[in-house]
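Here is how the chains run, residue by residue.
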Amino acid sequence: MTNATDSATPPPAPPRTVSRSRPARNGRISWVVVALTSLAIVGYVIATYAQGSLATLAQNEAGLATAYADRAAPVRAAFYAHIIFSALALGIGPVQFAGTVRRRRPRLHRWVGRVFLISVAIGSVSSLIMACFNTAAINGFFGFGSLAVLWGWTAWRGWRAIRAGDHLSHQAWMIRCFALTYAGVTLRLWLGILIGVQLPFAGPTVDAERVFDTAYAVLPFLCWLPNIVVAELLLRRRGLPSLALTPSRTASSGTDRRPPGVSAR
Ligand code: HEM
């Protein structure tokens, strides 16, 4: 039998250190994986494209040099601008998500942020030009083209949000923007996976070009669509303003559950 004092006693608090530290540790591990894979792709870009002129690289059949070496000067310029500034954005992007940097070095966060946004702006315009000449034809035009537009747009929204002092929206847009930047990594991961799954069915004499082309055909969309879905799930989990496909019950009942400072955009 319980008396009044017993029922008023609050239940013991859950072990907060355990439940808090696990997500924090998982978050740190994910950050390290993202940072290292991003740096690996930056390393690949430097190792592949810093070895000589586009003509020399084309002779050595390095990367996609053969596809761009004979193009008009503006397209070649877009190619270089793309690989330099996209690689820069990918390389420095993870710094912005390190909580320690944001908290203890806000000036560094601001400066890296400016370089990131300028890199994305140049990377996005140059990607759009390249999307018109890409090697995946119409798939590439639409897939890479929409990625280029969304990449620039998310960066723009992130910049506008912070100028308006809306920190939560800024975080949300920058998470989306980096998820799209990370397409530079996921494209290459998917390429490896899609080539790998075809090999057991490719027969005794593997037509390498066909296997590659089949894999590459879906990459202009596959390299970024899952990233943006993962970004939205992450935003929801962190309670940041995320995409609402249906009006929430609380919103229709007039209660706004958005965290303070988040506008209704
Ligand atoms: C996020 C938006 C991005 C878009 C819209 C985009 C678009 C493109 C397009 C259209 C091509 C030409 C593909 C072809 O001709 O088949 C290309 C190639 C390339 N992109 Fe991106 N890209 C993006 C991000 C990145 C990032 C973050 C990197 C970072 C390193 C990167 C590095 C490269 C490289 C090195 C190539 C040459 C192909 C190769 O050697 O793998 N891109 N990109």
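Since this is a predicted model, take the numbers as computed values, not measurements.

## Remarks on the overall build of the protein
Secondary structure summary: the protein contains 13 helices and zero strands in total. From first element to last, N terminus to C terminus, the protein shows the α and β order α-α-α-α-α-α-α-α-α-α-α-α-α. Taking all 265 residues of the protein together, the buried fraction comes to 26%. Considering only residue pairs separated by 6 or more positions, the protein has 64% of its internal contacts joining residues 24 or more positions apart.

## Section: the site of the ligand
In the vicinity of the ligand lie 28 residues, with Gly63, Ser86, Ser127, Asn134 and Gly184 positioned nearest. Counting residues per element, the ones that place at least two in the shell around the ligand are helix H2 (16-49), helix H5 (73-92), helix H7 (106-131), helix H8 (137-163), helix H9 (167-181) and helix H10 (183-198). Ranked by residue count, the leading element in the shell around the ligand is H5, at six residues. Across the shell around the ligand, the residue classes tally to 18 nonpolar, ten polar and no charged.

## Quick word on unusual backbone geometry
Residue Glu61 is not a glycine yet carries a positive backbone phi of 50°. Among the secondary structure elements, Glu61 is positioned in the loop between helix H3 (54-59) and helix H4 (65-68). You can call Glu61 exposed: it has 9 C-beta atoms within 10 Å. A positive phi is found at Ala137, a non-glycine position, where the angle reads about 50°. Within the secondary structure, Ala137 is located in helix H8. Look at Ala137 and you get exposed, because 10 C-beta atoms sit within 10 Å.

## Let's talk about H10
Over its 16 residues, H10 extends 22 Å from the first C-alpha to the last, a length consistent with the 22 Å expected when each residue adds 1.5 Å. Residues Ala183, Gly184, Val185 and Thr186 constitute the buried set of H10.

## Considering H5
Taking 1.5 Å as the rise per residue, H5 with 20 residues should run 28 Å; its terminal C-alpha atoms sit 28 Å apart, in good agreement. For H5, the set of buried residues is Ala78, Phe79, His82, Ile83, Phe85, Ser86, Ala87, Ala89, Leu90 and Gly91.

## A closer look at the nonpolar core
Residues Leu147, Trp151, Ile175, Cys177 and Leu180 are the most contacted members of the largest nonpolar core, which totals 40 residues. Here the element with the most residues in this core is H9; it accounts for eight residues. When sequence neighbours within four positions are dropped, the list of residues in contact with Ile175 reads Ala231, Leu234 and Leu235.

## Here we look at the packing of H5 against H7
Contact geometry of H5 with H7 gives a least axis separation of 7 Å together with a crossing angle of 145°. Judged by the sense of rotation from one axis to the other, the crossing of H5 with H7 is left-handed. The residues of H7 that touch H5, namely those facing Val75, Ala78, Phe79, Ala81, His82, Phe85, Ser86, Leu88, Ala89 and Ile92, are Val112, Val115, Phe116, Ser119, Val120, Ile122, Gly123, Ser126, Ser127, Ile129 and Met130. Broken down by class, the residue content of the contact of H5 with H7 amounts to 15 nonpolar, six polar and no charged.

## Here's the deal with the confidence of the model for the protein
Detailed reading of the predicted coordinates is not advisable wherever pLDDT falls low. Here the protein averages 89 in pLDDT, and 85% of its residues register 70 or above. Low pLDDT (under 50) marks residues 1-7, which in the prediction has one contact with non-local residues, meaning those over four places away or in another chain. In the predicted structure, residues 250-265 sits below a pLDDT of 50 and forms 17 contacts with residues beyond four places in sequence or in another chain.

## Brief notes about the packing of H10 against helix H11 (residues 208-222)
Axis separation between H10 and H11 bottoms out at 9 Å; the angle between their running directions is 140°. When you trace H10 past H11, the crossing you get is right-handed. Packed against H10, whose contacting residues are Leu187, Trp190, Leu191, Leu194, Ile195 and Gln198, the element H11 presents Val211, Phe212, Thr214, Ala215, Tyr216, Leu219 and Leu222 at the interface.

## Here's the deal with the environment of Gln96
With respect to the helices and strands, Gln96 occurs in the loop between H5 and helix H6 (99-104). Expressed as a C-alpha distance, the spacing of Gln96 and Leu108, which sit twelve residues apart in the sequence, is 9.0 Å. Among all residues touching Gln96, those that are not within four sequence positions of it are His109, Val112, Gly113, Phe116 and Met174.

Thresholds applied
Residues numbered from 1 in each chain as written. Predicted model: local features only at pLDDT ≥ 70, side-chain atom pairs only at ≥ 80, totals over all residues. Helix = DSSP H or I, 4+ residues; strand = E, 2+ residues; numbered from the N terminus. Buried ≥ 20, exposed ≤ 12 C-beta atoms within 10 Å, placed from the backbone. Contact = placed C-beta atoms within 7 Å. Near = placed C-beta within 6 Å. Nonpolar A, V, L, I, M, F, W, Y, C, P; charged D, E, K, R; others polar. Expected span 1.5 Å × (residues − 1). Core = buried A, V, L, I, M, F, W, Y, C linked by C-beta atoms within 7 Å. Axes fitted to C-alpha atoms, helices over the stretch in contact; angles between N-to-C directions. Left-handed = near helix turned anticlockwise from the far one by under 90°. pLDDT = per-residue confidence, 0-100.

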